[in-house]
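Survey of secondary and tertiary structure
Here is what each chain is made of, one letter per residue.
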Amino acid sequence: MHRILLLPGDGIGPEVVAEARRVLGRAGERFGLDLTFEEGLIGGAALDATGSPLPEETLERARSCRAVLLGAVGGPKWDALPVDVRPEKGLLRIRKELGLFANLRPATVFPALVGASTLRPEVVRGIDLLVVRELTGGIYFGEPRGREQRDGRRRAFNAMVYDEEEIARIARVAFRAAAGRRGHLTHVHKANVLEVSQLWVEVVSEVAREFPEVELAHQLVDSCAMLLVREPRRFDVLLTGNLFGDILSDEAAMITGSLGMLPSASLGESGVGLFEPVHGSAPDLAGRDEANPLATILSGAMLLEHSLGAPEAAGAVRQAVARVLEAGARTRDLLLPGEERPVLGCRAMGEQVLRELPA
Ligand code: IPM
Ligand code: MG
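Overview of the structure. Since this is a predicted model, take the numbers as computed values, not measurements.

**Brief notes about the overall build of the chain**
The helix and strand inventory of the chain stands at 12 helices and 12 strands. A globule of 359 residues ought to have a C-alpha radius of gyration of about 21 Å, and the chain, at 20 Å, matches this closely. By its C-alpha atoms, the chain is 60 × 50 × 45 Å across when sized along the principal axes. Relative to its full complement of 359 residues, the chain shows a buried share of 53%.

Have a look at this one:
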């Protein structure tokens with residue numbers, strides 16, 4: 001029996017997780033996986049109910065489950081809170097507590113959606129890249145951090161800190177991924193300004209010796225952001241730290257058509273994996289049955305592959321998504337400006353995917 005912990009969270013989280021749960025349940029039946037689902041609180045929902053964005057009970061359950069499927073956290077209701085007690089803190093803490101240092105964010109284009117990108121089809125067709133983002137270090141967690149009053153003025157500070165072991169272990173994840181793909185790894189950094197990036201360049205180059213079959217390039221983050229919109233197909237695997245990875249993965253997602261399509265997996269030492277869509281809580285769409293559940297459904301596919309060792313089931317889910325899109329099913333975010341098509345809601349889109357799963 002595989003216990004899956006669902007953490008719907010805030011905004012559109014509950015709606016998209018509900019659809020992914022249905023799809024996972026069906027895939028489990030079809031492929032003989034014995035899945036059971038439990039639900040827990042995280043983010044603003046947890047804050048309101050318990051006073052903490054990550055209640056101890058949620059963390060304990062996550063530790064004992066096979067995998068966690070998370071929706072999204074945050075929303076305007078909690079926007080005025082200091083960073084330390086915000087819904088986002090719940091997400092950051094669960095990543096840290098479970099040791100989930102490796103965040104995999106694949107960005108691919110479904111052929112049916114080539115036209116949905118704001119970039120020209122010939123630029124977009126065939127994009128197939130993987131962002132490997134370090135997830136438990138860097139400026140998100142560095143000390144010292146804080147705010148103070150100095151000479152009558154408000155100051156605030158954060159520190160970007162990495163040690164060589166943190167860099168080496170995420171680098172190995174990225175090299176292994178590249179070795180299983182097209183064999184190109186681009187390390188993204190800001191070593192012309194930051195000491196911490198210079199250390200990344202050094203350590204990544206050292207780790208490269210263990211992977212002679214992978215071709216390594218170092219790329220400055222600003223020019224990488226530019227190349228991603230100019231020539232995205234040049235990239236295979238991108239390796240980077242927490243902050244640059246956050247920014248570049250949204251960019252990579254958007255050039256493929258919609259932020260509503262991109263899944264992610266966060267893996268680490270503990271054996272528990274956490275799977276979540278790259279998009280956020282989209283409060284403006286919440287409760288309207290308008291969200292796109294496909295990123296969460298595809299995160300479910302990553303869960304099947306990475307946590308349950310069920311690549312066939314994962315492939316079946318991905319194929320079902322591709323077929324639904326080929327048949328013309330679209331949520332609102334996937335429509336081009338001016339495009340006339342019937343629009344599906346979140347629930348109906350989930351239903352279509354269910355229907356396409358093999359009997
Ligand atoms: C992401 C999100 C989170 C992050 C937020 C919600 C804390 O933007 O997963 O990319 O910055 O990591
Ligand atoms: Mg982000």
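**Concerning the packing of aromatic side chains**
Using the criterion set out here, one finds 2 aromatic pairs in the structure. Considering the side-chain rings of Tyr162 and Trp200, the 5.0 Å spacing of their centres and the 85 degrees angle between planes classify their relative orientation as edge-to-face. Here Tyr162 is found in the loop between strand E7 (153–157) and helix H6 (164–179), whereas its partner Trp200 is found in helix H7 (residues 195–208), with 38 residues between them in sequence. The residues Tyr162 and Trp200 share a single accessibility class, namely buried. With a centroid separation of 5.1 Å and 10 degrees between ring planes, the pair formed by Phe175 and Phe211 is classed as stacked. With Phe175 in helix H6 and Phe211 in the loop between H7 and strand E9 (215–220), this pair connects stretches of sequence that are 36 residues apart.

**Some remarks on the site of ligand 1**
Lining the immediate surroundings of ligand 1 are Glu88, Leu91, Arg95, Arg105, Arg133, Tyr140 and Asp246. Protein coverage of the free-state accessible area of ligand 1, which is 320 Å², stands at 78%. With 3 residues, helix H4 (residues 87–97) is the single largest residue contributor to the shell around ligand 1. Of the residues in the shell around ligand 1, the class split is 2 nonpolar, no polar and 5 charged. Two domains each provide a minimum of three residues to the shell around ligand 1, namely domain 1 (1–106 + 258–359) and domain 2 (128–255).

**Section: helix H8 (residues 221–230)**
When H8 is considered as a whole, its buried residues turn out to be Val221, Cys224, Leu227 and Leu228. Viewed end-on, H8 has its buried residues packed into an arc of 115 degrees, placing them on one side of the element. Contacts made by the buried residues of H8 are with strand E5 (128–134), strand E8 (184–189), E9, strand E10 (237–240) and helix H9 (242–255).

**Observations concerning the sheet that holds strand E4 (residues 102–108)**
Strand order in this open sheet of 10 strands is E2-E1-E3-E12-E11-E4-E5-E10-E8-E9, and the pairing throughout is mixed. Among the strands making up the open sheet, the edge pair consists of strand E2 (35–39) and E9. The mean angle between the axes of side-by-side strands here comes to 25 degrees, regardless of whether they run parallel or antiparallel. In this fold helix H3 (residues 56–64) packs onto strand E1 (2–9), E2 and strand E3 (67–72), with an angle of close to 145 degrees to the strand it touches most, E1.

**Topic: a negative patch on the surface**
Together, Asp163, Glu164, Glu165, Glu202 and Glu206 make up a negatively charged patch on the protein surface. The set of elements that each furnish at least two residues to the negative patch consists of H6 and H7. With respect to the helices and strands, Glu164 occurs in helix H6.

**A closer look at the environment of Asp333**
Along the chain, Asp333 falls in the loop between helix H11 (311–326) and helix H12 (346–356). Sequence separation between Asp333 and Leu227 is 106 residues, and the spatial gap between their C-alpha atoms is 25 Å. In contact with Asp333, not counting residues within four places along its chain, are Ser258, Gly260 and Asn292. At 2.7 Å, the side chain of Asp333 and the side chain of Ser258 are in polar contact. A distance of 2.9 Å separates the side chain of Asp333 from the side chain of Asn292, its partner in a polar contact.

Rules behind the numbers
- Along each chain, the written sequence defines residue order, and numbers are assigned to residues from 1.
- Working convention: letters from A go to chains and numbers from 1 go to ligands, in the order in which they are written.
- Confidence filtering applies because this is a predicted model: local features only for residues at pLDDT of at least 70, side-chain atom pairs given and counted only at 80 or more, and all residues used for totals across whole chains, interfaces and linings.
- Each side-chain value is derived from all of the structure's non-hydrogen atoms; neither hydrogens nor water enter the calculation.
- Secondary structure elements are defined from DSSP: runs of H or I of at least 4 residues count as helices, runs of E of at least 2 residues count as strands, and each element is numbered from the N terminus.
- Atoms counted for the radius of gyration: C-alpha only. Globule rule: 2.2 Å times the number of residues to the power 0.38.
- Partly exposed residues are those whose accessible area sits between 20% and 50% of the maximum for their type, while under 20% is buried and over 50% is exposed, using a 1.4 Å probe and protein chains only.
- Two aromatic rings from Phe, Tyr or Trp, using only the six-membered ring of Trp, form a pair when their centres are within 6.5 Å; if the ring planes differ by under 30 degrees the pair is stacked, by over 60 it is edge-to-face, and anything between is tilted.
- Here, proximity means that at least one heavy atom of the residue falls within 4 Å of the molecule or strand.
- Surface exposure here means Shrake-Rupley accessible area, sampled with a 1.4 Å probe, where a residue is shielded only by the protein chains that are shown.
- Side-chain classes follow a simple rule in which Ala, Val, Leu, Ile, Met, Phe, Trp, Tyr, Cys and Pro form the nonpolar group, Asp, Glu, Lys and Arg form the charged group, and the remainder, Gly included, forms the polar group.
- For the domain bounds, the source is a domain assignment made automatically or taken from a database.
- Arc definition: it is the arc formed by the directions from the helix axis to the C-beta atoms.
- We call two residues contacting when some pair of their heavy atoms lies within 4.5 Å.
- By the convention used here, strands pair only if DSSP detects at least 2 bridges between them.
- Under this scheme, a helix contributes an axis fitted over its contacting stretch, all axes are lines through C-alpha atoms, and angles between N-to-C directions fall in the 0 to 180 degree range.
- Here, patches come from residues exposed beyond 30% relative accessible area and free of salt bridges, joined within 9 Å for like charges and within 5 Å for nonpolar side chains (Val, Leu, Ile, Met, Phe, Trp, Tyr).
- For this document, the term salt bridge refers to a Lys or Arg side-chain nitrogen within 4 Å of an Asp or Glu carboxyl oxygen.
- Only four residue types enter the charge count, namely Lys and Arg as positive and Asp and Glu as negative; His and the chain termini do not.
- A charge is said to be at NZ when it belongs to Lys, at CZ for Arg, at CG for Asp and at CD for Glu.
- We call two N or O atoms a polar contact when they sit within 3.5 Å, provided that within protein one can donate a hydrogen and the other can accept it, with sequence-adjacent residues counted only if both atoms are side-chain atoms.

These values are about where atoms sit, not about what they do.
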